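# Overview (structure and organization)
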Amino acid sequence: MAQLRGIKQFAFALISSALPLFPQATASLSGHILDPSGAGIPAATVTISNPVARFLKSTQTLPDGSYSFTNVPFQNYEIAARKQGFAAARETVSLRTNVPATLDLTLRLEDAKTKVDVSAVDKAMLIDPQETSTRAQMSQSDIERLPLQVANRGLESVLVTFPGFSQNANGAIHPRGAHNQMTFVVDGMPITDQLTGAFANSVDPSIVQTVELYTGHIPAEYGMRVAAVANVTTKSGLGSGRSAGGSLMLSGAEYGTLSMLGQVAGERGRFGYSASFHAMKSNRYLDQVSLDNLHNGGNVERAFTRLDFQPTERDTVRFHWMAGRSSFQLANLRSQHARGMDQRQALEDMSGSVGWVRAVGPATTFDSTASLRSAWAKLLPSAGDTPVTAAQSRQLTTFTVWNRVTALRGVHNFKAGFDYQRFPVREEFRFGVTDPAFNDPASGNFIQTLLAHDLSRGGGLFRFRKSAAGSLYTGFLQDNVRLGRWQLSLGLRYDGYRFLVHGYQTQPRVGLAYHLRETNTVFRASYNRTYQTPPNENLLLSNSEESSVLVPRNVRERLGGALVRVRPERQNFYEAGVQQAFGRWLSLNASYYHKDAGDQHDNDNFFNTGIIFPTALARIRVNGVQGRLVIPEYRGFSATLSVTHARAVSTPPFTGGLFIGSSAIQLLSAGPFVIDHDQKIGAHAVMNYSSRKGFFVTTTMRHDSGLVTNPSDSAVVAADRDYFDLLPYVNLSSNPPRTRPRTITDAVAGYERIREGRRKWEATVQISNLANRTALYNFQSLFVGTRLVQPRTLGVRLRWFF
């Protein structure tokens, strides 16, 4: 009933918010292909491409020679046109705003002297002289060919192929030494929820046309969670050239994994539509917590719809709707399974946005968005719960209005905006200790405040229920200035935060790039001041007077009180980088960064219940290096290599959140320590080959040197029936302790049948963890527990196109 009421409220709020609408974070290009006399050439083939991003779209000109491209990510592109009897032509164009761009190309009559090879890569396209940020991009065709792990992995499994991330369990990724702190912007709708398989339903990769990732020098228009920003452009029916088309995909894999994906898209005149539905079930839904895959089944369903309408040449209207639900068991340890523990979790989400972009003049646009997202989560207890039993029901709703004005004036690209966000939160939680040995009064780790909730000793359940609402007000200005070889990026952002604590921050964001044309090199440097607001999930619980009664007396004395609220994290971020092209066949983008921050945000696991709540530490310092090599496609072969190094050192004491247990006491009295986001080397290689006959192979190899683990006593672990056989996969004697290095290889091979220029069907075989390496993501971590890498898994996939 609660979900039904929530859905009704969601629908009403979204309909009533259809005021000035949607920010379009994509470009559009139109023009004519002309013959030497100036007449339009019909049925000419026009392509728009970028070899580093591997973005490629093509269309044919109309009878008057006109063409158009919409839904194009911001980037530099090469436009090529060809028609039999004419010499091909190509031109480079910079598409950086949603101000409509135009480009006409004239084709000369073909002869021996006018032939142009449009298949050769222009070496100037291997770098981007206008880029002051660290940014990478991937398109739909590459995403579809990746050997993504089966089960519940979302868009994070795509992003981890980029540099800047440490990989963790259940699809979680740590951007540049941060715990999460990411924003996903889906067709202009910001999603700042913590998206992992166990915490919230992720964005489905199958709906993505392109994803661009910012990890350095984040533009001033983005805020709240900006350790990384993933700007997602979904598939649109506009430009498809068909009134209806789509595909149906069926797949199966080991561990009883079955899934289906149905997609449709099309256009009629000025109206375009796109929709998809995805369902999956697996007996290995989450990453397992022991070598035995125990109590680990689950299923997920996702749905998506996008509608585009262009009522006039100057207006674009878009509606976006997305929903998901999942229900799954929480993986058991052996001792929990023997007790019959049967905890389950259910997640639901629904989001939508509706919008409008208006071309105010030839070089000015106004756009606005109204979006609404609601997410529900439930943890269901069982009679066999050990060492604690817990139950939870929470809801987070986020209503956002974005407004943007973009203007091109000479060498200036201006953007200004005002945003408002409102986020009501509701949380219900209860727990009790069920194992007499868990908080034994005779133990040195006995916590007096838990005795009242020790069910094994006559105590009662701890109960918590609370609702509250917060808001965020934002204004920003930014200007990208082109001055010959120099590119300046000037931004200023202001955030006013009003929730459990109040705060504000003015944030300068400044970037500079210099293009050394003689060597095809771009140097860049930037400084960002950012203001990261606390995660809203379980924030009421970790900042409540009710929960403070659980804090041990000695922790209260050290803190000067039982309750310290989580405050926004304030960061200074410095970066220097370089882009370098090597001939026509290799592109390098590398950077060094340093971050220092106060009130560092992190998460803690509530007594292994599967409930994560936010905490904060005094400071964090991160230094890192990342780089990405790209080999553009040549005779069907292409490759990328992403490398990341991050050193992350946190400094206690806690400055916010809930502090329970002996680990809290130890951290309060400790000095700086290397946190579990730290990793010396993470490397991810992707190699593709596609033949002209339809056969293709993609192989990925990922090496991780190992994340930091809990400093457990190896003798104690050896005597623990739940963990003894994991000792070979963790190095507890190193300083700090880490999981052992691992290299995991995944591969997919298939055949695509194309007839008369259209895809008909596709068949693929996929193997995850080809060498069947046993490895750990983490081990007894205070923050995320213990999780293992997926064993070797064989899967097959069939897809039909219509």
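Definitions and cut-offs
- Residues numbered from 1 in each chain as written.
- Predicted model: local features only at pLDDT ≥ 70, side-chain atom pairs only at ≥ 80, totals over all residues.
- Heavy atoms only, no water.
- Helix = DSSP H or I, 4+ residues; strand = E, 2+ residues; numbered from the N terminus.
- Rg over C-alpha atoms; globule rule 2.2 N^0.38 Å.
- Buried < 20%, exposed > 50% of the residue type's maximum accessible area, 1.4 Å probe, protein only.
- Contact = heavy atoms within 4.5 Å.
- Lys, Arg positive; Asp, Glu negative; His and termini not counted.
- Charge placed at Lys NZ, Arg CZ, Asp CG, Glu CD.
- pLDDT = per-residue confidence, 0-100.
- Salt bridge = Lys/Arg side-chain N within 4 Å of Asp/Glu carboxyl O.
- Polar contact = N/O pair within 3.5 Å; in protein donor to acceptor, adjacent residues only side chain to side chain.
- Core = buried A, V, L, I, M, F, W, Y, C linked by side-chain atoms within 4.5 Å.
- Pairing = 2+ DSSP bridges.
- Axes fitted to C-alpha atoms, helices over the stretch in contact; angles between N-to-C directions.

In this section: the overall build of the chain. Helix and strand counts for the chain stand at eight helices and 42 strands. Here the C-alpha atoms of the chain give a radius of gyration of 27 Å, agreeing with the 28 Å that 2.2 N^0.38 yields for 802 residues. Each of the 802 residues in the chain was classed as buried or not, and the buried ones make up 60%. In the chain, the proportion of contacts linking residues at least 24 apart, taken out of those at least 6 apart, comes to 69%. Within the chain, one finds 84 positive and 63 negative side-chain charges whose respective centroids are separated by 1 Å.

The pLDDT averaged across the chain works out to 88; a share of 91% of its residues lies at or above 70. Across residues 1–23 the pLDDT falls below 50, and counting only partners more than four positions away or on other chains, this stretch makes 52 contacts in the model.

Applying the stated criterion to the full structure yields 42 salt bridges. Taking the shortest distance from any N to any O, the salt bridge between glutamate 575 and arginine 176 comes out at 2.7 Å. Note that glutamate 575 is positioned in strand E29 (residues 569–582) and arginine 176 in the loop between strand E11 (173–175) and strand E12 (182–186), a separation of 399 residues in sequence. Comparing glutamate 575 with arginine 176, the two get one shared label, buried. Close ionic contact of arginine 358 with aspartate 315 constitutes a salt bridge, the shortest N to O distance being 2.6 Å. On the criterion of sequence distance, the pair formed by arginine 358 in strand E21 (residues 344–361) and aspartate 315 in strand E20 (residues 315–329) is long-range, its members being 43 residues apart. Three or more residues are tied together by salt bridges with common partners; here these are Glu144, Arg145, Lys235, Glu752, Arg759, Glu762, Arg797 and Arg799.

Let us look at the environment of serine 734. Mapping serine 734 onto the fold places it in the loop between strand E36 (730–731) and strand E37 (738–739). Taking relative accessible area as the criterion, serine 734 reaches 23% and is therefore assigned partly exposed. Taking C-alpha positions, serine 734 is 33 Å from glutamine 532, a pair spaced 202 residues apart along the chain. A polar atom in the side chain of serine 734 sits 3.1 Å from the backbone oxygen of asparagine 731. Here arginine 738 takes part through its backbone nitrogen, which lies 3.5 Å from a polar atom of the side chain of serine 734.

Judged by nonpolar contacts, the single largest core of 32 residues is most densely connected at Phe429, Phe431, Phe462, Tyr497 and Phe499. By residue number, the principal contributor to this core is strand E24 (residues 412–433), which donates four residues. With near-sequence residues (within four places) excluded, tyrosine 497 lies in contact with Phe423, Ser471, Leu472, His502, Gly503, Tyr531, Thr533, Pro534, Leu539 and Pro568. Formed by 29 residues, the second largest nonpolar core is a distinct cluster that contains Phe162, Phe184, Ile191 and Val211.

Here we come to the sheet that holds strand E6 (residues 89–95). Spatially, E3-E2-E5-E6 is the arrangement adopted by the four strands of the open sheet, whose pairing is antiparallel. Lying at the two open borders of the sheet, with one neighbouring strand each, are strand E3 (55–60) and E6. Neighbour-to-neighbour, the strand axes of the sheet open up by a mean angle of 20 degrees, direction not taken into account. Across five bridges, strand E2 (residues 45–50) lies against strand E5 (residues 75–82) in antiparallel orientation. In the sheet register, threonine 45 faces E5, and the bridge partner there is arginine 82.

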